[in-house]
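Each chain, written out:
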Amino acid sequence: MTERIVRFAIRRPRVVIWTVVGLSIFFGSQFPKIKTDTDPKHMLPATSPVRVNNDKVEERFELHADWIVLGIVNGSGVLNRNTLSKIARLTDDVTRIPGVIAYDVVSFTTADNVLAKGQDLYARPLMETVPATSGEIAALRSWLYENPMFVDRLISKDGKATAIYVPIEKTANGKVIADRIRAILDKDPKDGNGDRFYLAGDPVARDTFGAEMFKQMAVFSPIAGMVMFVALLLMFGTFIPVIACMAVAMVCVIWAMGGTVGLGIPIHIMSSMSPVFLMAISTDTVHIFNEFYFRFKETGDRESAILDTMRVVGRPLIYTDLTTAAAFASLAAGHIIPVRVFGLLVAFGTLVLLLMSFTLTPALLSLLKPERLRALTTHEDLAESRTSRWLAELARWSIYRSRSVAIVGVLLLIISLVGIQRIRVNNNMVEWFKSRSDVRVADRTINRKLGGTATAYLVAQADEEGAVKHPDILRRIEEMQRELEKSPLVGKTTSIVDVVKRINRVMHENDPKYEVIPDSDNVVAQYLLLFSMVGKPRDLNNFVDYPMRQANVWVQLKTWDAVAMHTVMKQVAGGTGVDDAISIKPAGTAYFNLVWNNEVLWGMLYGFILSCVLVLVLMALCFRSLRWGSVAALPLLFTILVIYGFVGFVGKDFDMPISVLSTLSLGLATDFAIHFIGRFRQRRAELGGNPPLDEVLVWTVARPGKGIVRNAILFALGFSVMIFAALTPYITVGLFMAAIMLLSALTTLVYLPALVKLWQGWLLKKDVAEGR
């Protein structure tokens, strides 16, 4: 069947080429419809209990899912007339931006201060007008610092920073709104007052990354392609193989990405890296050109060389592509949406590669002129090729020192296992930007000066209605808050407790000693009733539900690290301030980051382990031998353990880019091993009988191994350019993909010959009996 397809491609190359071009144009036409989604909440299905609970919490407490924080810092203090005037103007301008929820913007001019006159409670804006005198500024300072709810949220302890909190609609783009705010800042007259402005918050980081990730891919994919183009030209000496390799890679990317976009599926962060994976896997065609050059040198006939090449390379290609596709497709068994999309996208692209290997590649090879081929393949044999001679020497070294090679490998694995134990599973989208980027600098500055940009909610829930008005329940919540605030990861907590204590103080002539929870249920109930009459609805609704059975505690974290929220949850689980009377349920963006960390990263890890088992089974079926299947899986295991051991030793978190790279190794390490073992067994069968093992191993390393080396160097060179990217995930991808390629190739060409030599009695007995 495959030979008939190849013959058709050779004899009708233009039909094949124009058919591929037409389909590529169709898939490419879908790209204008592309939609991105970087919201962590959308990583889970809409029916997920975590997502459902979060939606209920936001609805019950009238919370906004996304906030942008505009930090204002002045080294001499923000409580001066010029800075306060800017804050008033900025607040007014920001509320006019489309997508901003204007009535809930929080700043000096919109936040209410709770006061009392006699027994009458009332609320007034902190700053109705910009203070004109030092006395008015002093009064503002007094109001800010005597109210703990404002300290570390609206004013830093040192008085040098404040913030405007900007809620945005769920459909709004954080980057677009942030850019509008920057435009307002640019228009504001520079008065030399020393004010500095910083924009932070999850929607800023998330949507900025969503925009930048495509810009980075648009810049570095062509650069990587150019580097690979030059490398291929140096390897094969003519444009047809170069064009064929690049064309196959582009077709795989266009068909897979275009098909995904055409189906209306949003591109997530993981899916955005799919072109990198597909380009890596598509370099598999190098094995075809490598063998074709050798075959043409031997036969001198173009069509015979193509057919002979596909006969010997075709089966390993089918095995590697089907194994890789099945491994990636298995990721769709999980319930995490980006993982499903990513797995199916790459699996489809791999099947496209398999189709192109038997159609487009032979068609393009048939266009090579025989005269040109004779000139190019002059030195393409084992005796004349310097690379093949060097590989042959490497094979002899590995074979003759097989025990030493195996011992060194075992030692490396032991060391790697030590490093793996040091790995921390953690995710932080803000750290996907470089340290000096605007996003990182803003987040770092605001976290240092104020309570923190990462928000979580801890909902304290009691069994009976009205329980939140009970002083003992409020004291338990307060105890939990104070305990959480002892952690350096927590910048501030706010709850109904702070509201009650503030009202109690102002109702007692602003005496600080009354900033405590009253002892009477009735007093608490009266305070909340009075507050609901004079304050803004959000000021109470954000903290309690109407049956007064649930209380919401706002927790501001000083980092977006998922492990920070994990630490908070451990503190809560420790029972501080919590007993059988109330239970605690988490929600909020910081909590979703933890869920992403646990569900996606751990899910990817478990999925990878299952994929490894699947790959082992498939390779055993491919080779019709569990023994050879197990040996073929060893380069994969070795590569992963060594790479992850290195990750542990250098202190790199196991985050999304690293977890994605683990799946890539399924395609690369198994690809090299299948080609090596498949061609080794073919060579033994060609020679017949029981040929000298060393001779067959040397041939396998020198001839098919040359394709493995070309493949590894090609890809390592191409994607090493990504170390210059502006986003750290792409830097990570570039470095680690190059490392995975080179290590996979080295493991295949050095350790497999040594292991086959050591285990020849176990591995070859059945082959000899079956005549292979």
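From a predicted model like this one, the values you see are computed outputs, not experimental measurements.

**Topic: the packing of helix 7 (residues 202–236) against helix 8 (residues 239–262)**
Link 1 in the chain: Closest axis-to-axis distance for the helix 7/helix 8 pair is 8 Å, and the angle between their directions is 145 degrees. Relative to helix 8, the crossing made by helix 7 is right-handed. Each of Gly225, Met228, Phe229, Leu232, Leu233 and Phe236 in helix 7 lies in contact with helix 8, whose residues at this interface are Phe239, Pro241, Val242, Cys245 and Met246.
Link 2 in the chain: Each residue belonging to the contact of helix 7 with helix 8 can be placed in one class, and the counts come to 10 nonpolar, one polar and no charged.

**Considerations on helix 21 (residues 521–534)**
Link 1 in the chain: When the terminal C-alpha atoms of helix 21 are compared, their 20 Å separation across 14 residues agrees well with the 20 Å that a helix rising 1.5 Å per residue should span.
Link 2 in the chain: For helix 21, the full list of buried residues reads Val524, Tyr527, Leu528 and Phe531. Burial along helix 21 is one-sided: seen end-on, the buried residues are contained in an arc of 95 degrees. Along helix 21, exposed side chains directed more than 90 degrees from the buried face belong to Asn522, Leu529 and Met533.
Link 3 in the chain: Looking at the buried residues of helix 21, the elements they touch are strand 2 (112–117), strand 3 (120–125), helix 19 (471–484), helix 20 (496–506) and helix 22 (537–541).

**Observations regarding the sheet that holds strand 5 (residues 195–200)**
Backbone-to-backbone hydrogen bonds pair the strands of a sheet. The strands run either parallel or antiparallel.
Link 1 in the chain: Ordered in space as 4-1-5, the three strands form an open sheet in which the pairing is antiparallel. The open sheet has two free edges, formed respectively by strand 4 (161–168) and strand 5, since each of these has just one partner strand. For this sheet the average axis-to-axis angle between neighbouring strands, irrespective of direction, equals 20 degrees.
Link 2 in the chain: By the bridge criterion, six bridges tie strand 1 (residues 66–74) to strand 5 in an arrangement that is antiparallel. In the sheet register, Ile72 faces strand 5, and the bridge partner there is Phe197.
Link 3 in the chain: Lying on the sheet, helix 4 (residues 81–94) is in contact with strand 1, strand 4 and strand 5; it crosses strand 4 at an angle near 5 degrees.
Link 4 in the chain: Against the sheet, helix 6 (residues 174–187) touches strand 1, strand 4 and strand 5, its axis set at about 30 degrees to strand 1.

**Some words on the pattern of salt bridges**
Link 1 in the chain: The full count for this structure, using the stated rule, is 36 salt bridges.
Link 2 in the chain: Arg475 is the partner of Asp519 in a salt bridge, and the nearest nitrogen-oxygen pair spans 2.5 Å. Linking Asp519 in the loop between helix 20 and helix 21 with Arg475 in helix 19, this pair joins segments that are 44 residues apart in sequence.
Link 3 in the chain: Bridged by salt links that share partners, the residues Glu3, Arg7, Arg11, Glu303, Asp308 and Arg311 form one connected network.

**A closer look at the sheet that holds strand 9 (residues 582–587)**
Link 1 in the chain: On the basis of which strands lie adjacent, the open sheet formed by four strands has the order 7-8-6-9 and antiparallel pairing. Every interior strand has two partners, whereas the edge strands, strand 7 (490–494) and strand 9, have only one. This sheet shows a mean twist of 25 degrees between the axes of neighbouring strands, independent of strand direction.
Link 2 in the chain: Looking at chain direction, strand 6 (residues 454–462) and strand 8 (residues 550–557) are connected through eight bridges and run antiparallel. Bridge pairing links Gln461 to Gln550 in strand 8.
Link 3 in the chain: Sheet strands touched by helix 3 (residues 49–60): strand 6, strand 8 and strand 9. Its angle to strand 9, the strand with the most contacts, is close to 100 degrees.

**Some thoughts on the environment of Lys469**
Link 1 in the chain: Position of Lys469 relative to the elements: it lies in the loop between strand 6 and helix 19.
Link 2 in the chain: Judged by its relative accessible area of 27%, Lys469 falls in the partly exposed class.
Link 3 in the chain: Measuring from C-alpha to C-alpha, the distance between Lys469 and Val500 comes to 9.5 Å, with 31 residues separating the pair along the chain.
Link 4 in the chain: Not counting residues within four places of it along the chain, the set of residues in contact with Lys469 comprises Leu474, Asp521, Val524, Ala525, Leu528 and Met548.

**Observations regarding the nonpolar core**
Link 1 in the chain: Grouped together as the largest cluster of nonpolar side chains are 251 residues, with contacts concentrated most on Leu79, Phe108, Ile181, Leu458, Ile496, Met565 and Tyr730.
Link 2 in the chain: Looking at this core, the element that brings in the most residues is helix 29 (residues 728–758), giving 15 residues.
Link 3 in the chain: Ignoring anything within four residues of it in the chain, the contact list for Phe108 reads Leu79, Leu84, Ile87, Leu126, Met127, Leu144, Leu154, Ile155 and Thr162.

**Quick word on a positive patch on the surface**
Link 1 in the chain: Together, Lys56, Arg60, Arg549 and Lys585 make up a region of like positive charge exposed at the surface.
Link 2 in the chain: Summarising the element assignment, Arg549 is placed in the loop between helix 22 and strand 8.
Link 3 in the chain: Overall, the relative accessible area of 30% leaves Arg549 in the partly exposed class.

**Focus on helix 3**
Link 1 in the chain: With 12 residues, helix 3 extends 16 Å from end C-alpha to end C-alpha; this agrees with the ideal 16 Å at 1.5 Å per step.
Link 2 in the chain: For helix 3, the complete set of buried residues consists of Arg51, Asn54, Val57 and Glu58. Along the axis of helix 3, the buried positions cluster into a sector of 125 degrees, meaning they face one direction only. Turned more than 90 degrees from where helix 3 packs its buried face, Pro49 and Glu59 sit exposed.
Link 3 in the chain: Downstream of helix 3 by a residue or two, Glu62 has a phi angle that is positive, lying close to 55 degrees.

**Considering the domain arrangement of the protein**
Link 1 in the chain: Each assigned domain of the protein is listed here: domain 1 (1–64 + 237–368), domain 2 (65–206), domain 3 (382–428 + 596–772) and domain 4 (439–594).
Link 2 in the chain: On a C-alpha basis, the centres of domain 2 and domain 4 stand 22 Å from each other.
Link 3 in the chain: Listed by partner, the interface residues are 41 residues for domain 2 and 35 residues for domain 4.
Link 4 in the chain: Summing both sides of the interface, domain 2 and domain 4 together bury roughly 3000 Å²; the carbon and sulfur share of this comes to 61%.
Link 5 in the chain: Counting the surface domain 2 buries against domain 4, the share from its top three residues, Leu121, Glu146 and Met149, is 21%.
Link 6 in the chain: Counting across the domain 2 and domain 4 interface gives four salt bridges.
Link 7 in the chain: A salt bridge links Asp158 to Lys449; its shortest N-O distance comes to 3.4 Å.
Link 8 in the chain: Inspection of the region where domain 2 meets domain 4 yields 12 residue pairs in polar contact (both at pLDDT 80 or more).
Link 9 in the chain: Taken together, the elements giving at least two residues each to the side of domain 2 that touches domain 4 come down to strand 1, strand 2, strand 3, strand 4, strand 5 and helix 7.
Link 10 in the chain: Sort the elements by how many residues they give to the side of domain 2 that touches domain 4 and strand 2 lands first, with five residues.

Cut-offs and rules
- Residues numbered from 1 in each chain as written.
- Predicted model: local features only at pLDDT ≥ 70, side-chain atom pairs only at ≥ 80, totals over all residues.
- Heavy atoms only, no water.
- Axes fitted to C-alpha atoms, helices over the stretch in contact; angles between N-to-C directions.
- Helix = DSSP H or I, 4+ residues; strand = E, 2+ residues; numbered from the N terminus.
- Left-handed = near helix turned anticlockwise from the far one by under 90°.
- Contact = heavy atoms within 4.5 Å.
- Nonpolar A, V, L, I, M, F, W, Y, C, P; charged D, E, K, R; others polar.
- Expected span 1.5 Å × (residues − 1).
- Buried < 20%, exposed > 50% of the residue type's maximum accessible area, 1.4 Å probe, protein only.
- Arc of directions from axis to C-beta.
- Pairing = 2+ DSSP bridges.
- Salt bridge = Lys/Arg side-chain N within 4 Å of Asp/Glu carboxyl O.
- Core = buried A, V, L, I, M, F, W, Y, C linked by side-chain atoms within 4.5 Å.
- Patch = residues over 30% accessible without salt bridge, like charges linked within 9 Å, V, L, I, M, F, W, Y side chains within 5 Å.
- Areas by Shrake-Rupley, 256 points an atom, 1.4 Å probe, with all protein chains shown as cover.
- Lys, Arg positive; Asp, Glu negative; His and termini not counted.
- Charge placed at Lys NZ, Arg CZ, Asp CG, Glu CD.
- Domains from an automatic or database assignment.
- Buried area = accessible area lost by both parts, 1.4 Å probe.
- Polar contact = N/O pair within 3.5 Å; in protein donor to acceptor, adjacent residues only side chain to side chain.

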